Amino acid sequence: MDYNPSMMDALPVFGLYDKAALRFAYKRQVEISTFGAKPDSSATSPEYFNLNAYDKELKTAFFAENSHLDPRLSDGVLSAAVNDAVLDDKWSDKVPGDKVLREFKYCTDGNVSLNTDCNRHDEGRNHSEINDYNWQRYYEHFPLNTQRNNRKNFDESTLSDYAIGRVNTFMNWRENIQMFDRMSQYLAGAMQIAYSSPKLILFVLVRWKYGLCLILISITSVAWRKVSTSLETT
């Protein structure tokens, strides 16, 4: 779901992922596009694919006596549609005219705080919009955080809480901005390497498993060396 940071900034409609999930759950439809087709400016609504036929097939196979579920349906109706080449996902080989599933970005509770653009109540679709919202929220809360407003306790004893709150706020901003800059540098560096050495990119793509193993071995050896040193000192 899309978390609304406040009642004043509440979304007037459901978020894109929310609407796609509700449409899939209740109307059994998914949004698609035609691969290779030119954008139609006169189209008033997206194109949808109906999953009722696959639902009926799954229901019949599931409740039929002395029968086994078709493996293509074991991962759900969407997976079956992709396996049947009726729909394409981002991993499929595509040709002009194929129906391609639209993808939506979303955050799960398990991914909260793992990425700077995947936190609760961070209004915005990207890092730039999230930063704009941070500034907006800071100015909106500035009178509340810095003025007494008839509060009983407002003296030096409350200064530590205020300072800790501001440090946490600005550290979150800094993390968001640094992640944005870091990703920009990675993309720029990757593009430069790709243009200068295509063979190196091909080698990395083919041998990425070996590279990952080497990295894990290096990290393990460094950690073990530190543990051994600490044991010797104690």
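Structure first, text after, so check above.
Just so it is clear, the model here is predicted, and its values are computed rather than measured. (Residues numbered from 1 in each chain as written. Predicted model: local features only at pLDDT ≥ 70, side-chain atom pairs only at ≥ 80, totals over all residues. Heavy atoms only, no water.)

1. So, the side chain of R72
Positionally, R72 belongs in the loop between α2 (52-63) and α3 (77-83). Of the polar contacts made by the side chain of R72, one reaches the side chain of E57; its length is 2.5 Å. Polar contacts involving the side chain of R72 include one to the side chain of D84, which spans 2.4 Å. Look past the residues within four positions of R72 in its chain and what remains in contact with it is Y54, E57, S79, A80, N83 and D84. (Helix = DSSP H or I, 4+ residues; strand = E, 2+ residues; numbered from the N terminus. Polar contact = N/O pair within 3.5 Å; in protein donor to acceptor, adjacent residues only side chain to side chain. Contact = heavy atoms within 4.5 Å.)

2. Remarks on the pattern of salt bridges
For the structure on display, the rule yields six salt bridges. Ionic pairing is found between R28 and D55, a salt bridge with its closest N-O pair at 2.6 Å. Placement of the pair is R28 in the loop between α1 (16-27) and β1 (29-34) and D55 in helix α2, with a sequence separation of 27 residues. The exposure class assigned to R28 is buried, which follows from its relative accessible area of 19%. Put simply, R72 and D70 hold a salt bridge, and the shortest N to O gap is 3.5 Å. You can call D70 partly exposed: its relative accessible area is 30%. (Salt bridge = Lys/Arg side-chain N within 4 Å of Asp/Glu carboxyl O. Buried < 20%, exposed > 50% of the residue type's maximum accessible area, 1.4 Å probe, protein only.)

3. Quick look at the packing of aromatic side chains
Applying the stated criterion to the full structure yields nine aromatic pairs. Ring centres 6.4 Å apart and planes at 85° place the aromatic pair W135 and Y138 in the edge-to-face group. A residue pair is termed a helical-turn pair when its members lie 3 or 4 positions apart in one helix, as W135 and Y138 do in helix α4 (residues 127-146) at three residues. Judged by centre distance (5.8 Å) and plane angle (75°), the ring pair of Y138 and W173 falls under edge-to-face. With Y138 in helix α4 and W173 in helix α5 (residues 159-196), the pair connects residues that are 35 residues apart, well separated along the chain. Note on W173: relative accessible area 11%, which makes it buried. Three or more aromatic residues joined by ring pairs make a cluster, and in this case those are W135, Y138, Y139, F142, F170 and W173. Residue placement shows R28 over the ring face of F24; its charged tip is 4.5 Å from the ring centre. (Phe/Tyr/Trp six-rings, centres within 6.5 Å; stacked < 30°, edge-to-face > 60°. Lys NZ or Arg CZ within 6 Å of the ring centre and 35° of its normal.)

4. A look at the nonpolar core
In this structure, V30, I32, F49, L51, Y54, L73, V77, A80, A81, V82, L87 and L101 together form the largest nonpolar core, which totals 12 residues. Those elements giving two or more residues to this core turn out to be β1 and α3. With four residues, the top contributor of residues to this core is α3. (Core = buried A, V, L, I, M, F, W, Y, C linked by side-chain atoms within 4.5 Å.)

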